[in-house]
Each structure stands twice: as C-alpha cells, then as structure tokens.
Protein chains: 2
Amino acid sequence: MLKTVLRFGLIILALLILFQLSNASLFLPAISADFIIGLGAVILIALGIYLGGNIKKDTIIEVEGPIEINATKIEELGLSEREMEVLQLISKGYSNVEIGEKLFISESTIKTHVSNLFVKLDVKRRTQAVTRAKELHIIA
Amino acid sequence: MLKTVLRFGLIILALLILFQLSNASLFLPAISADFIIGLGAVILIALGIYLGGNIKKDTIIEVEGPIEINATKIEELGLSEREMEVLQLISKGYSNVEIGEKLFISESTIKTHVSNLFVKLDVKRRTQAVTRAKELHIIA
DNA sequence: CGTATTTTGGTACTAAAGTATGAGGACATA
DNA sequence: TATGTCCTCATACTTTAGTACCAAAATACG
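The structure contained in this document is the topic of the report that follows. (Residues numbered from 1 in each chain as written. Chains lettered and ligands numbered in written order. Predicted model: local features only at pLDDT ≥ 70, side-chain atom pairs only at ≥ 80, totals over all residues. Heavy atoms only, no water.)

Right, let's get into the overall build of chain A. In terms of regular secondary structure, chain A is built from 7 helices and 0 strands. Secondary structure elements of chain A, listed N to C terminal, follow the sequence α-α-α-α-α-α-α. Scored against the burial criterion, the 140 residues of chain A give a buried share of 36%. Contacts in chain A between residues far apart in sequence, at least 24 positions, make up 59% of those at least 6 positions apart. Just so you have it, chain A exposes about 8400 Å², and 64% of that area is on carbon and sulfur atoms. (Helix = DSSP H or I, 4+ residues; strand = E, 2+ residues; numbered from the N terminus. Buried < 20%, exposed > 50% of the residue type's maximum accessible area, 1.4 Å probe, protein only. Contact = heavy atoms within 4.5 Å. Areas by Shrake-Rupley, 256 points an atom, 1.4 Å probe, with all protein chains shown as cover.)

Pasting the structure below:
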C-alpha cells in the first residue's frame, strides 16, 4: 500500500519535472529543446519499466522466505499459466476434484492439465511432480 | 527476437512522435503545449510499463538455511520409526509398491503404515501428508 | 513372564488418480 | 484467413491409493 503511494508520487513528480522542463527550455536556448524532451522521454520510459517490473514481481512471483521462483525454468519447460496454478494446488495437497472447484473447471480438465504436467516434468505421480517442481524452484 | 525488434521500434517511434509534437505545438497554439507534453508523458510511461512487464527476469535462487526437525513433535504425534521412514519416502514421490521394495516389506504393510500415518497427521491424502509434515517440521 | 506396542501381512472393497483419445472454442500470430 | 497454442470437457479404461477389519510375529519393558 505504501509502495503504491510512493509509485504514484513518483509518476506525479516526473510529470511536474517534465512540465518545468518545458518552461525551462524557453529560457535556456543554449540547450536544444529536442534534447531535453528526449531526456524526459528516456526518464519516463525508465520509470515505466521500473514500475512495470515491480508490478509483475508483485503479482506473479509470490514467495515466502528466502526461496525464489525461477521464471526462466518455467518457460524452458513450457509450462502454461493454468498448469502452474494446478501444480501449486497439487503441492498444497488438494485432490483433482478440489482443484477443479477452486478454479471453477471440471475434474476432466484438471486431469488433462495434470497429465500434461507430468509429461513436461517427466514424472509419473503427483507426489513426484511436487518433489521435482521444488527441486527446479518453480514452486515455493 | 522479433518481439524485441518490435519493442525497440516502438520506443524509437514514440521518441519520433514526441519530437514531432514538440514542433507541432508551435504551430497549434490552440492546444496547450503542456497538454501535449503531458499526453506524451503518459504514453511513454504506459509504454515503459508494458516493456517492463515483459522483461523476463532470471531470479536468483537463494538456498534455505538448515532445516530443523522437530523431534518433540514427532513424539507428540506418536509417529513410529517405520512410519517416519514411509513418510519420508512418500515425500520423495515414491509409490506404495516402490516404498515396499525399498524397505523389503509388502505393499500391504505400506498401506497399513500409510493409513495410520494419515490418522496421526489428520489428513486424507499422501500429498496432504507431505504438506502437513513439512509445516510441522517433522521432515525436511 | 506377561503386557503393550510395533511391525508385519492379508482380503475385500471403495475412491481417487492417471492414461488415451477426441474434440470444440478462444485467442494471438503469420 | 490459416495456424498454432491454450483451455476446456467428455468417455472409457487401467492403475494406485486408501479404508476397514483382522491377525500373527517381533520387540520393548516393568
């Protein structure tokens, strides 16, 4: 919450600086207006990237303790978002039916996801899948 | 790769547009220069957020410190040695048959141990048992 | 030695998990 | 528009897992 306030504060601050620059450029003909505007653009994009990066980190990578999730590995294995959701619920000990209820989809679909998951993780049972996933640091 | 090119293209395009706007504003006094610059700023930040959100991060994997086993808890739950062995093998992803082979006892016996384990841990499935056992720090 | 606990094993059954296959819809991209 | 990927769901089947109940050895202990 406090971070959110800080971020929006940064955005407003950046806007204010840009507005000031637009005036300052009139009194500093020695410096090209184009240069200043370009500089402002770079700063704003950098700010945006910073904000975007943090937003992504907060929403996708939820971790407790010192263990972090290896997002690269997930891509390497070709695991989809839905598959990751299912994998996480499996690791928490839920049955296929329970997982279906939590995700509002049928048990059949869960079984499909689970089977695909096993192929991609190269395992044969859900308990193995959890062990393997933790080894690879793709779940907490 | 193609996406990367597209993104950098977008950045350059945005910069060009901004430069053009800085000129256009001189010929369009009806529209406030501040407004145009503000609009540009918003667009650039949005672009930055989009770009930042798509940058893949190689997250650092930090190793967890020494995990302590709570021997007291094991006693409290009344878990026998054999049950602990079975529990550990379950957590490694082995099937009942495989566990039986490793401990040189029949699958029937494993099932008995597993069922007793479930009662003592107050769970209904082996995946739950693993989750619970780790919560209680009775397995690594 | 007698008693309690653990470990072992079996049978019979139900429930859940997992496999194989096919297929339609959603959505982004070439 | 065509293509490919993901998500969805279903049917039919096989395999594990799990429950209930029982019982015989092995082991620990006062």
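Now for the protein's contact with DNA strand C. Taken together, 18 residues sit near DNA strand C, with Lys111(A), Arg126(A), Ser80(B), Arg82(B) and Ser106(B) positioned nearest. The protein-proximal atoms of DNA strand C, defined as those within 4 Å of the protein, are 63% sugar or phosphate. Arg126(A) is positioned such that a nitrogen or oxygen atom in its backbone is 2.8 Å from a phosphate oxygen of DNA strand C. At a separation of 3.0 Å, a phosphate oxygen of DNA strand C approaches a polar side-chain atom of His113(B). Looking at the surface near DNA strand C, the elements that each hand over two or more residues are helix H6 (107-121) of chain A together with helix H4 (81-91) and helix H6 (107-121) of chain B. Classifying every residue of the surface near DNA strand C by side-chain character gives 3 nonpolar, 9 polar and 6 charged. (Near = heavy atom within 4 Å. Polar contact = N/O pair within 3.5 Å; in protein donor to acceptor, adjacent residues only side chain to side chain. Nonpolar A, V, L, I, M, F, W, Y, C, P; charged D, E, K, R; others polar.)

This part covers unusual backbone geometry. All names here are of chain B. With a phi angle near 60°, Phe 104 is a residue other than glycine that sits in the positive phi range. Along the chain, Phe 104 falls in the loop between helix H5 (96-103) and H6. One non-glycine residue, Asp 122, adopts positive backbone phi at about 60°. One can find Asp 122 in the loop between H6 and helix H7 (126-135). Residue classification places Asp 122 among the exposed residues on the basis of a relative accessible area of 65%.

Our next topic: helix H7 (residues 126-135) of chain A. An α-helix turns once every 3.6 residues. As a result, residues three or four positions apart point the same way. Here H7(A) has its buried residues at Arg126(A), Thr127(A), Ala129(A), Val130(A) and Ala133(A). Taken down its axis, H7(A) places every buried residue within 160° of arc, on the same side. Here the buried face of H7(A) lies against helix H4 (81-91), helix H5 (96-103) and H6 of chain A together with H4 and H7 of chain B. Just downstream of H7(A) lies His137(A), where phi reads positive at about 60°. (Arc of directions from axis to C-beta.)

To continue, consider the protein's contact with DNA strand D. Near DNA strand D there are 18 residues, and of these Ser80(A), Arg82(A), Ser106(A), Lys111(B) and Arg126(B) occur at the shortest range. Here DNA strand D approaches the protein such that, of its atoms within 4 Å, sugar and phosphate make up 64%. In this structure, a phosphate oxygen belonging to DNA strand D sits 2.4 Å away from a side-chain N or O atom of Ser80(A). Here Asn96(B) contributes a backbone N or O atom positioned 3.0 Å from a phosphate oxygen of DNA strand D. Breaking the surface near DNA strand D down by element, the ones donating at least two residues are H4 and H6 of chain A together with H6 of chain B.

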